[in-house]
Amino acid sequence: MPPRRLEPGYHDGESDSDVDIFDDFGASAKSKGKGKGKAIDRGKKEKGKGTSKEQPYAWEASYTRSWDTVQEDEAGSLQGAVEDLIARGRRRRLLAPAAAIRRTIIRHLILLLDLSSAMMDRDMRPTRFDLMLQYAREFVTEWFDQNPLGQIGVVGMRAGIGERLGEMTGNPQEVLKAISERHKLEPTGEPSLQNAIDMARSSTSHLPTHSSREILIIFGSLTTCDPGNIHETLAECVKDRIRISVVALAAEMKICRELCDKTGGQFGVALNEGHFKDLLFELIPPPAQRATAPNARGGATAPADLMMMGFPTRLPDTSPPSLCVCHSKLKSEGFLCPRCGAKVCDVPTDCDICGLMIVSSPHLARSYHHLFPVKTYQAVTDLDDTPNPSSSCHGCARPFKNAPQQMAGSSGEGMSPLGRYRCPDCHNDFCPECDVFVHDVVHCCPGCGK
Amino acid sequence: MDRASHLSVVVDLSPNHWYLSSTRTQQNARPLSLKSFLSQLLVFLNSHIACKDENTLAVFGALPGRSVMLHSSTNESSGNPFEMADADTYRPFKILDAEVMQTIARHVETLGPSDIKKPVELVGALSKSLCYINRITTASSTQSNEQTAALDPRILILSVSPDQSSSYIPIMNSIFAAQKLKVTIDICKVYGSESVFLQQAAHLTGGSYLHLERADALLQYLTMSFLPPPSIRQLLSVPTQDKIDFRAACFCHKRIVDIGFVCSVCLSIFCQPVPVCSTCRTKFPIKTLQRLNAARPTVATPATTPTVQTALSLPSSNSIKGTNVNGSQSTVQNGSR
């Protein structure tokens, strides 16, 4: 259990709740050692880690108090600190490749939840278990929002075995239902990584080659109790191109790190509640496929493929009720499979009768922004070469500041002192808020309509 | 109507289509000119700000090749040039009317002959209105002001021009952004054929889509359907759309397809198996092509074929999954072989 390496140039002191909005993009490009919100309540951590007290703690190396790094300006306002956060979000986006990159759009993920007795630890409030369930729910919702064609299955590990909690499905409601009933998931016994991974692996074995196979393990224990050699399981996963990512709640384990490194996943140890969420949500954007990295990424060598998809006919609410094939319930609304005419309740799904993948066109359209991102706006440093600068933001019509503003310290790079960001295509100026909003939410430049 | 609500109106100001709308033809028995449209629109806008004192309003215009903000109730410029003392008019109405009309006039005058042919910048206007809503909602949440925090934003698009297929992706992106912001998008199609994109916009955001049967009665449609905020509209049973086409058009022939072939890299849709993706130049393995070609007879059958026939001509390819075996599936498999 070596202490975690810290990035030397890391600037500390963000409050965790504020950074979430910046995490939607480019997160896959970041390294797994990203320590966010490192300034944590020390006392609380030590209480929770009573079992490993003799170990040197990673955070002791660079312990900074978050409240010291937030600087108030003369008027006592935190405006400067807030702008610093925006600056960091911008810089992070600049790191992400601006050109259209190849991403894994069709994803299959197995969510592997630790349900061992270690999850009852109270170092995260209220317990690790409750927090995990809560974040897992948010994760599933957000994941389906960004990966509408993906599917998630849920496997739990408790009492030494792997337990299938939810079948692989593309319906967020079913996944949420699988992890909603707390009393059915009550943690007990020892976890077994090998058993659980084997179970997850077997449920992904039937998937087509063009889809990604991923396992996300939320692991709270410091032990694993396996029937055989886990390295063989690891070798099988590498062979099957399954990407394993681990979010550990306790400490780094050698085997977890190895699982991630060998399969091309991300590994992270949650330092506190906010950081736990950040680590989870970093795994939401579709991972980039990298042809140049042999056997590193799970989907790197996965061949492109042509898929047959059916676009269903939607039945209106007023149509005569009929039985659906998925739940055998009498319903009037639904979707008809174009090949076999079966009625399913929700799309996207695979038709239960003929196995055709049924999607609706908005589901495809929802993924397009990953493929055609908006170009990064350039920060305008001076207006000398602009003959007729606009007086207000092109997006929200907020008036621009006239005088250049002093940037606080090192945070100024990539930031415009005038608060203007210019689209390289249509040369319109945008305010910092619209810059973030356009790139994170709208994915479409108001100036050039692309 | 307890809570204040925000309304963003996007007005389609395409000169070509307004000309068509104002001419009397066989199909267009009740013409609506831009002038009478604008006067009815202004009455509607006035009634929105009159409904509640805290109601906010923003008006955007989509002109050929550009999009402009015509009016917004928040950034009231001091030293307003339109401000003329008029004892007979409520001042906010006066400002609103004068500002909208003068901004439209200013921009229409600067339109050159080359601009006329360009398609209207509906996407730009829509994304601008989203930026504006984002601005006022984030501002109100940081101020933690109770009155502005309870904003109920919605967008109303008054459209006259037809869909442009090139703007499909940006429009869909804007719709998803609106969904994320919980903004309702209402569509009022004043003139022209049904717009598939805007139908989807209304459906996906829970708004209503209205195709005017009598365009000259615009004001009545506006006040009855679009003046109450969405929360109240559930009680009023505003007309909704039932038939929304969610089928996709293929990228190769723009044909509407039931079963398409989709590139796993870029999600381009084709109506037949192709060896190379025309969008991203990905080559597909020959094995897939053979397998899909074997499965094609089903695709070739028209969409209107009765379901019995399609079930009988089911391909015995490996696309039938063996995992979910149930009673009905085994019979289908047997029947197909």
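Sequence positions are assigned chain by chain, starting from 1 and proceeding in written order. The naming scheme follows written order: chains are lettered A onward, ligands numbered 1 onward. Whole-chain, interface and lining totals are the exception, using all residues; otherwise, since this is a predicted model, local features are given only for residues with pLDDT of at least 70 and side-chain atom pairs are given and counted only at 80 or more. Neither water nor hydrogens contribute to the side-chain values; these are computed over all heavy atoms in the structure.

As named in an unreviewed UniProt entry, chain B is General transcription and DNA repair factor IIH subunit TFB4, taken from Rhodofomes roseus. UniProt positions are given in the numbering used here, feature names are shortened, and annotations may be inferred rather than shown by experiment. Quoted verbatim from the Subunit (unreviewed entry) field of UniProt, the annotation for chain B is "Component of the 7-subunit TFIIH core complex composed of XPB/SSL2, XPD/RAD3, SSL1, TFB1, TFB2, TFB4 and TFB5, which is active in NER. The core complex associates with the 3-subunit CTD-kinase module TFIIK composed of CCL1, KIN28 and TFB3 to form the 10-subunit holoenzyme (holo-TFIIH) active in transcription." According to its UniProt record, chain B has this under Sequence similarities (unreviewed entry): "Belongs to the TFB4 family."

If you look chain A up in an unreviewed UniProt entry, it shows as General transcription and DNA repair factor IIH from Rhodofomes roseus. Note on chain A: under the UniProt heading Sequence similarities (unreviewed entry), the record states "Belongs to the GTF2H2 family." Per UniProt, chain A carries the Function (unreviewed entry) text "Component of the general transcription and DNA repair factor IIH (TFIIH) core complex, which is involved in general and transcription-coupled nucleotide excision repair (NER) of damaged DNA and, when complexed to TFIIK, in RNA transcription by RNA polymerase II."

Participant: Account for the overall build of chain A, naming residues and giving values.
Facilitator: On a plain count of helices and strands, chain A comes out with 12 helices and 17 strands. Two residues form a contact once any of their heavy atoms are found within 4.5 Å. In chain A, once contacts between residues fewer than 6 apart in sequence are set aside, the share between residues at least 24 apart is 69%. Carbon and sulfur atoms make up 53% of the accessible area of chain A, which totals about 18,500 Å². Going along the chain from the N terminus, every DSSP run of H or I of four or more residues is numbered as a helix, and every run of E of two or more is numbered as a strand. Exposure was quantified through the Shrake-Rupley algorithm and a 1.4 Å probe, taking into account, for residues, occlusion by the shown protein chains and nothing else.

Participant: Which residues make up the domain arrangement of chain A, and what are the values?
Facilitator: The extent of an interface is frequently quoted as the accessible surface area lost upon association of the parts. How far each domain reaches was decided by an automatic or database domain assignment. Domains assigned within chain A are domain 1 (102-289), domain 2 (309-363) and domain 3 (373-450). Taking only C-alpha atoms into account, the centre of domain 2 of chain A sits 45 Å from that of domain 3 of chain A.

Participant: Could you give an account of helix 11 (residues 286-294) of chain B, with specific residues and numbers?
Facilitator: Residue and element names in this part refer to chain B. Regarding helix 11, the residues found buried are Thr288, Leu289 and Leu292. The arc enclosing the buried residues of helix 11, seen along the axis, measures out at 100°, which places them on a common side. With respect to the buried face of helix 11, the exposed residues turned more than 90 degrees away are Ile286, Lys287, Gln290 and Ala294. Under the scheme applied here, a residue whose accessible area is under 20% of the maximum for its type counts as buried, over 50% as exposed, and between as partly exposed, the area being computed with a 1.4 Å probe on protein chains only. Within this analysis, the arc is defined by the directions that extend from the helix axis to the C-beta atoms.

Participant: Tell me about unusual backbone geometry, residues and numbers included.
Facilitator: Residues and elements named next belong to chain A. A cis geometry characterises the amide bond from Arg125 onward to Pro126, with omega recorded as -10°. As for its position among the elements, Pro126 is in the loop between strand 1 (107-114) and helix 5 (128-146). Phi at Ser328 takes a positive value of approximately 55°, unusual for a residue other than glycine. Inspection of the secondary structure puts Ser328 in the loop between strand 9 (322-323) and strand 10 (330-331). For Ser328, a relative accessible area of 54% gives the class exposed.

Participant: How would you summarise the interface of chain B and chain A if you had to cite specific residues and measurements?
Facilitator: In this assembly, 69 residues from chain B lie in contact with 57 residues from chain A. Taken over both partners, the interface formed by chain B and chain A buries close to 5,400 Å², and the fraction arising from carbon and sulfur atoms is 64%. Each reported salt bridge corresponds to a side-chain nitrogen of Lys or Arg within 4 Å of a carboxyl oxygen of Asp or Glu. At the junction of chain B and chain A, the tally comes to 1 salt bridge. For A:Asp145, the salt bridge identified is with B:Lys180, shortest N-O distance 3.7 Å. Here the quantity called buried area is the total loss of accessible area, with a 1.4 Å probe, experienced by two parts when brought into contact, counted for both.

Participant: Outline the pairing of strand 4 (residues 154-159) of chain B, supporting the account with residue identities and numerical values.
Facilitator: Residue and element names in this part refer to chain B. The buried count for strand 4 comes to 6 of 6 residues, which makes it a mostly enclosed element. With burial as the criterion, each face of strand 4 is covered, one bearing Arg154, Leu156 and Leu158 and the other bearing Ile155, Ile157 and Ser159. Think of it this way: DSSP has to see at least two bridges between two strands before they count as a pair. As judged from the 5 bridges shared by strand 1 (residues 6-12) and strand 4, these two strands associate in the parallel manner. Bridging from a neighbouring strand, Val10 pairs with Ile157 of strand 4.

Participant: Can you tell me about the sheet that holds strand 8 (residues 313-315) of chain A, naming the residues and giving the values?
Facilitator: Residue and element names in this part refer to chain A. Reading across from one edge, 8-11-12 is the order of the 3 strands in this open sheet, with antiparallel pairing throughout. Only two strands of the sheet have a single partner each, and these edge strands are strand 8 and strand 12 (343-344). Bridge analysis of strand 11 (residues 334-336) against strand 12 gives 2 bridges, and the strand direction is antiparallel. In the strand pairing of strand 12, Leu336 is matched with Lys343.

Participant: I'd like to hear about the sheet that holds strand 6 (residues 267-269) of chain A, residue by residue, with values.
Facilitator: Paired through their backbone hydrogen bonds, the strands of a sheet run either parallel or antiparallel. Residue and element names in this part refer to chain A. Pairing in this open sheet of 6 strands is mixed, and the strands run 3-2-1-4-5-6 from one edge to the other. A single partner strand is all that each edge strand has here, and the edge strands are strand 3 (161-169) and strand 6. For this sheet the average axis-to-axis angle between neighbouring strands, irrespective of direction, equals 15°. Here 7 bridges tie strand 1 to strand 2 (residues 151-158), and the two strands are oriented parallel to one another. If you follow Leu111 over to strand 2, its bridge partner there is Val154. On the sheet, helix 7 (residues 193-204) packs against strand 1, strand 2, strand 3, strand 4 (212-219) and strand 5 (242-248) and is oriented at approximately 25° with respect to strand 3. Comment: axis = line fitted to C-alpha atoms, over the contacting stretch for helices; angle = value between 0 and 180 degrees taken between N-to-C directions.

Participant: Could you give an account of helix 9 (residues 254-263) of chain A, naming the residues involved and the relevant values?
Facilitator: All buried positions along helix 9 of chain A are accounted for by A:Ile255, A:Cys256, A:Glu258, A:Leu259, A:Cys260 and A:Thr263. Immediately beyond the C-terminal end of helix 9 of chain A, within one or two residues, lies A:Gly264, with a positive phi of roughly 85°.

Participant: Mind laying out the pattern of salt bridges, listing which residues take part and the relevant values?
Facilitator: On inspection of all chains with the given rule, the structure shows 22 salt bridges over all chains. The salt bridge partner of A:Glu181 is A:Lys184, with a shortest N-O separation of 3.3 Å. The partner of B:Asp216 in a salt bridge is B:Arg214, and the shortest N-O contact between them spans 3.6 Å. By relative accessible area, which is 32% here, B:Asp216 ends up partly exposed. Taking the relative accessible area as the measure of exposure, B:Arg214 reaches 39% and is therefore partly exposed. Connected via shared salt-bridge partners are A:Asp198, A:Arg201, A:Glu236, A:Lys239 and A:Asp240.

Participant: Before we move on, can you summarise the packing of aromatic side chains with the specific residues and values?
Facilitator: Residues and elements named next belong to chain A. Only the six-membered ring of Trp is used, alongside the rings of Phe and Tyr, when aromatic pairs are assigned; centres must lie within 6.5 Å, and planes under 30 degrees apart are stacked while those over 60 apart are edge-to-face, with the rest tilted. Per the stated rule, a full pass over the model turns up 7 aromatic pairs over all chains. Look at Trp143 and Phe144: their rings are 5.4 Å apart centre to centre, the planes differ by 85°, and that puts the pair in the edge-to-face class. We classify Trp143 as buried; its relative accessible area is 0%. By relative accessible area, which is 7% here, Phe144 ends up buried. On the numbers, 4.9 Å between centres and 15° between planes, the contact of Tyr377 with Phe430 is stacked. A residue pair is termed long-range when its members are at least 10 positions apart, and Tyr377 in the loop between helix 11 (361-371) and strand 15 (378-379) and Phe430 in strand 17 (residues 429-430) qualify at 53 residues.

Participant: Describe the packing of helix 2 (residues 34-51) of chain B against helix 9 (residues 218-226) of chain B, and please don't skip the residues or the numbers.
Facilitator: Residues and elements named next belong to chain B. Packing of helix 2 against helix 9 brings their axes to within 9 Å, and their N-to-C directions diverge by 25°. As judged from the angle between their axes, helix 2 and helix 9 are roughly parallel. Of the two possible hands of crossing, helix 2 and helix 9 adopt the one that is right-handed. Every residue of helix 9 that contacts helix 2 at Phe37, Gln40, Val43, Phe44 and Ser47 is listed here: Leu218, Leu219, Leu222, Thr223 and Phe226. Looking at side-chain class alone, the contact of helix 2 with helix 9 contains 7 nonpolar, 3 polar and no charged residues. Relative orientations are named as follows: roughly parallel for angles under 35 degrees, roughly antiparallel for angles over 145 degrees, roughly perpendicular for angles from 65 to 115 degrees, and oblique for any other angle. The crossing is said to be left-handed when, going from far helix to near helix, the turn is anticlockwise and less than a right angle, and right-handed when the turn is clockwise. The residue classification treats Ala, Val, Leu, Ile, Met, Phe, Trp, Tyr, Cys and Pro as nonpolar and Asp, Glu, Lys and Arg as charged. All others, Gly included, are polar.

Participant: Can you explain the pairing of strand 9 (residues 259-263) of chain B? Please cite residues and give values.
Facilitator: Of all 5 residues in strand 9 of chain B, 5 are buried, a share of seventy percent or more. Burial along strand 9 of chain B is two-sided: the residues B:Ile259, B:Phe261 and B:Cys263 and B:Gly260 and B:Val262 are all buried. Two strands pair when backbone bridges link them, and strand 7 (residues 306-310) of chain A and strand 9 of chain B are joined in this way by 5 bridges, in the antiparallel orientation. Bridging from a neighbouring strand, A:Met308 pairs with B:Phe261 of strand 9 of chain B. Two elements, strand 9 of chain B and strand 10 (residues 269-270) of chain B, share 2 bridges in a ladder whose sense is antiparallel. Note that in strand 10 of chain B the partner of B:Val262 across the bridge is B:Ile269. Here strand 9 of chain B folds back onto strand 10 of chain B, and the loop between the two strands holds 5 residues, one of which, B:Leu267, carries a positive phi near 65°.

Participant: Can you tell me about the side chain of B:Ser264, naming the residues and giving the values?
Facilitator: When you line up the elements, B:Ser264 lands in the loop between strand 9 and strand 10. Exposure remark for B:Ser264: the relative accessible area of 8% places this residue in the buried category. In contact with B:Ser264, not counting residues within four places along its chain, are A:Ile105, A:His210, A:Ala304, A:Asp305 and A:Met307.

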